[in-house]
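# Observations on the three-dimensional arrangement
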Amino acid sequence: MSTTLAEKIITHHLAEGKMEPGEQIGLKIDHTLTQDSTGTLAYLEFEAMGVPRVKTKLSLSFVDHNMLQNDFRNADDHRYLQDVAAKYGVVFSRPGNGICHQIHLERFARPGYTLLGSDSHTPTAGGMGMIAIGAGGLDVAAAMAGEPFYLEMPSIMGVKLTGALSPFASAKDVILEVLRRLSVKGGVNKILEYFGSGVKTLSVPERATITNMGTETGATTSIFPSDEVTKTFLRSQGRADQWLPLTADDDAKYSEVIEVDLGKVEPLIALPHSPDNVKAVSDVEGTPVDQVCIGSCTNSSLRDLKTVAALLKGKKVSEKVSLTISSGSRQVLENLAASGELVDIIRAGARILENGCGPCIGIGQAPQTDAVSIRTFNRNFKGRSGTQSAQVYLASPETAVAAALYGEITDPRKIGEYPKITLPEKVIVEDSMFIFPEQPFTGEVRRGPNIKPLPKFTPVPERLAGEVLLKTGDNVSTDDILPGGSEVMSLRSNIPEISKHVFRYVDSSFADRALAKGGGFIVGGENYGQGSSREHAALAPKYLGVKAVIAKSFARIHLANLVNFGIVPLTFVDKQDYAAVAQGDMLELDVKGLQRNLCVKNAAKGVAFRVALDLSDREKDLLKAGGKLAAIKAKHAEN
Ligand code: MIC
Ligand code: SF4
């Protein structure tokens, strides 16, 4: 046999379809996870499906994104999530316990299992040898209801690692190197599978950094083998019995292979405003720095923060810099506190934030006007930090510490000797912040006034007509479509209200215009909808009347979200036609029968152009039914 690791796990979980690249497949899902800002909708959707209890092996609900509780709305969301978890058999991770991906890796991830999460960085668990995929909340709700997860079978790209990292080169630099080569769309419809002699030199948290940020290439997921290193990690968590050896066959066939010699990887940094805008740190040395933020699901493991503590020990943060630290989990923080390393971080002058996403999604710590902010995070889209004029760079914890100490971008190799980081054979494990559901649930699910029922959707009509409400360029992210930050994120359970913020920083008149015109079209470039899995970026435009998006190409999760909520995703057959459409043009097309080849008439210009509706029959059925929720409800009503 010449089977890749990804194919082995997929074979075991194949519920429908043929495992050939490009074919539609249905995957059986073992674990699901949600987080607060996508979770409220996911559970409202799950409730609407009428299924009494989750049907997965394990479903988890985390509260990690918005924890500011500026007013009742955010706190009401948390209370709803706790109640609904207890009612339907979902394990609840209380606010303050940490970031979903970090905690799942520590306490629940298992080699050979599948995970579907309503967060785009769900592939973090690929560091444990899982097939872990990010999706919209509705797809995760469907998986909780026992439905397979449908996707296009990706091709499997091999990433061969050789050698070992040199001092001050980090797992983050490995994924930045991969991003430099692949760009933010080079991974679309691919699984990045790591193999080769370099794999065993990387600990599980380092592997998880790499699979986490593989998301930024657009990949469906990324995966590492499960080996002795995996066993050591599981043993340190008291979970050695959950270990399973899993690798690709020696002669496994990949659709393509790229090779990274770890020994040649040097400290890298992604410049504003895209994770693939990667340069050597030495190329931008000397740039003055105002803020350094260490944390996020990419770089907040015990290993990362032990490195930070060792590098900061006995030193002081530059007075020009504000350094924040958010550990990925309460477990990480407790272990740092017990070993005394937390004191080294505090004494150096760091500001300790709550365990959670925090500044990564604009929940506090917005930088000052025009600031340069160095972050160990995974996304630096313009404005995501909360400050439109900020220049956000992405780098390793080592490079972040160097910037914090010297007050300017500095090659971390200047710090001196590289500390030897050893991870404890047994970490302190303390699970009391999880609530394991008891059966039966006797209470009542409490919903605050901000939690509004889901809007109702009707099937796609036979003819779509309207104005081009907005024309965008390439790589528009879901942060552009619907921004993060505590103000907008506290509206995640209230579609009518959150809709007012659609494209707020791209064109502040968008929402009003869309409503006034009775909806219309959006025209996009390549990779439309990259980034976050937030289905609000489809649901809110739908609420405003958006009928179709015509783009050169789409990002995977956003495309699925558009279909799930009944917005027709169309691609230009001839990409040149993009130039011939302008904002304000009146378009019309006949979509009767949802044929693959369609013709759009641009009335004012007296021209027409071809577009493709590149969807499977199953996806077309969803459009016909008025979206996925209606389709699933109908199915469960029949049973
Ligand atoms: C993100 O990193 O953009 C988020 C916030 O985690 C999102 C989820 C969300 O929008 O709630 C993601 O990556 O899917
Ligand atoms: Fe949270 Fe940032 Fe990770 Fe998204 S990328 S899950 S906001 S830490």
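These notes cover the structure that comes with them. As the structure is a computational prediction, the values presented were derived from the model and not from experiment.

Bringing the overall build of the protein into the picture now. Each helix and strand counted, the protein has 20 helices and 27 strands in total. Relative to the 2.2 N^0.38 estimate, which gives 26 Å for 639 residues, the radius of gyration of the protein is 23 Å and therefore close to what a compact globule would have. Reported as C-alpha extents along the three principal axes, the dimensions of the protein are approximately 70 × 55 × 55 Å. Counting the 639 residues in the protein, one finds 64% classified as buried. Excluding contacts between residues fewer than 6 apart, the proportion of contacts in the protein whose partners are at least 24 apart in sequence is 77%. Surface summary for the protein: the accessible area is close to 22500 Å², and the carbon and sulfur share equals 49%. Distance from the positive charge centre (71 side chains) to the negative charge centre (74 side chains) of the protein: 2 Å.

Moving on to the sheet that holds strand E12 (residues 256-261). Spatially, the 4 strands line up as an open sheet ordered E11-E10-E9-E12, and their pairing is parallel. Only two strands of the sheet have a single neighbouring strand rather than two, namely strand E11 (221-223) and E12. On average, adjacent strands in this sheet sit at an angle of 20° to one another, irrespective of strand direction. Where strand E9 (residues 155-162) meets strand E10 (residues 190-195), 6 bridges bridge the pair, whose relative direction is parallel. Note that in E10 the partner of Met 157 across the bridge is Leu 192. Sheet contacts for helix H1 (residues 5-13): E9, E10 and E11; angle to E10, the most-contacted strand, approximately 120°.

Before going further, it helps to examine the site of ligand 2. Close to ligand 2 lie His 65, His 101, Asp 119, His 121, Ser 296, Cys 297, Cys 357, Cys 360, Ile 361, Asn 378 and Arg 384. Of the residues belonging to the shell around ligand 2, the class tally is 4 nonpolar, 5 polar and 2 charged.

Note that the residue after Pro 272, namely His 273, is joined by a cis bond; omega there is -5°. Of note, His 273 is situated in the loop between strand E13 (268-270) and strand E14 (278-280). Even without a glycine there, the phi angle at Asp 370 is positive, about 60°. Residue placement: Asp 370 occurs in the loop between strand E17 (351-352) and strand E18 (372-375). Even without a glycine there, the phi angle at Leu 594 is positive, about 45°. Counting through the fold element by element, Leu 594 comes out in the loop between strand E25 (586-590) and strand E26 (597-602).

Right, let's talk about the packing of helix H9 (residues 302-312) against helix H10 (residues 330-339) for a bit. The geometry of H9 relative to H10 is characterised by a closest axis approach of 10 Å and an angle of 35° between their N-to-C directions. For the pair H9 and H10, the crossing hand works out as right-handed. Taking contact as the criterion, the partners of Leu 302, Leu 305 and Lys 306 in H9 are, on H10, Val 332, Asn 335 and Leu 336. For the contact of H9 with H10, a count of residues per class yields 4 nonpolar, 1 polar and 1 charged.

This part covers the nonpolar core. In terms of nonpolar packing, the biggest core is built from 77 residues, with Met 49, Ile 131, Phe 503, Phe 510 and Tyr 528 touching the most fellow members. Broken down by element, the residue count for this core peaks at 6 residues, all from helix H5 (residues 137-144). In contact with Phe 510, other than residues within four places in its own chain, are Leu 469, Leu 470, Val 502, Phe 503, Ile 522, Leu 544 and Val 546. One finds Val 321, Ala 348, Ile 374 and Tyr 393 within the second-largest nonpolar core, a separate group that totals 37 residues.

Close to ligand 1 lie 14 residues, the nearest being Ser 37, Asp 119, Ser 120, Ser 533 and Arg 534. A distance of 2.8 Å separates an oxygen atom of ligand 1 from a polar side-chain atom of Arg 492. One nitrogen or oxygen atom from the main chain of Ser 533 is found 2.7 Å from an oxygen atom belonging to ligand 1. Burial of ligand 1 by the protein chains amounts to 97% of its free accessible area of 340 Å². Looking at the shell around ligand 1 residue by residue, the classes come out as 1 nonpolar, 8 polar and 5 charged.

On to the sheet that holds strand E1 (residues 14-16). Read from one edge to the other, the open sheet built from 3 strands follows the order E1-E2-E8, with strand pairing classed as antiparallel. Each edge of the open sheet is held by one strand with a lone partner, namely E1 and strand E8 (149-152). Across the sheet, the mean angle from the axis of one strand to that of its neighbour is 45°, orientation sign disregarded. Judged from the 2 bridges that link them, E1 and strand E2 (residues 24-27) form a sheet pairing that is antiparallel. What sits directly across from Leu 14, in E2, is Leu 27.

What counts, and at which threshold
- Residues numbered from 1 in each chain as written.
- Chains lettered and ligands numbered in written order.
- Predicted model: local features only at pLDDT ≥ 70, side-chain atom pairs only at ≥ 80, totals over all residues.
- Heavy atoms only, no water.
- Helix = DSSP H or I, 4+ residues; strand = E, 2+ residues; numbered from the N terminus.
- Rg over C-alpha atoms; globule rule 2.2 N^0.38 Å.
- Buried < 20%, exposed > 50% of the residue type's maximum accessible area, 1.4 Å probe, protein only.
- Contact = heavy atoms within 4.5 Å.
- Areas by Shrake-Rupley, 256 points an atom, 1.4 Å probe, with all protein chains shown as cover.
- Lys, Arg positive; Asp, Glu negative; His and termini not counted.
- Charge placed at Lys NZ, Arg CZ, Asp CG, Glu CD.
- Pairing = 2+ DSSP bridges.
- Axes fitted to C-alpha atoms, helices over the stretch in contact; angles between N-to-C directions.
- Near = heavy atom within 4 Å.
- Nonpolar A, V, L, I, M, F, W, Y, C, P; charged D, E, K, R; others polar.
- Left-handed = near helix turned anticlockwise from the far one by under 90°.
- Core = buried A, V, L, I, M, F, W, Y, C linked by side-chain atoms within 4.5 Å.
- Polar contact = N/O pair within 3.5 Å; in protein donor to acceptor, adjacent residues only side chain to side chain.

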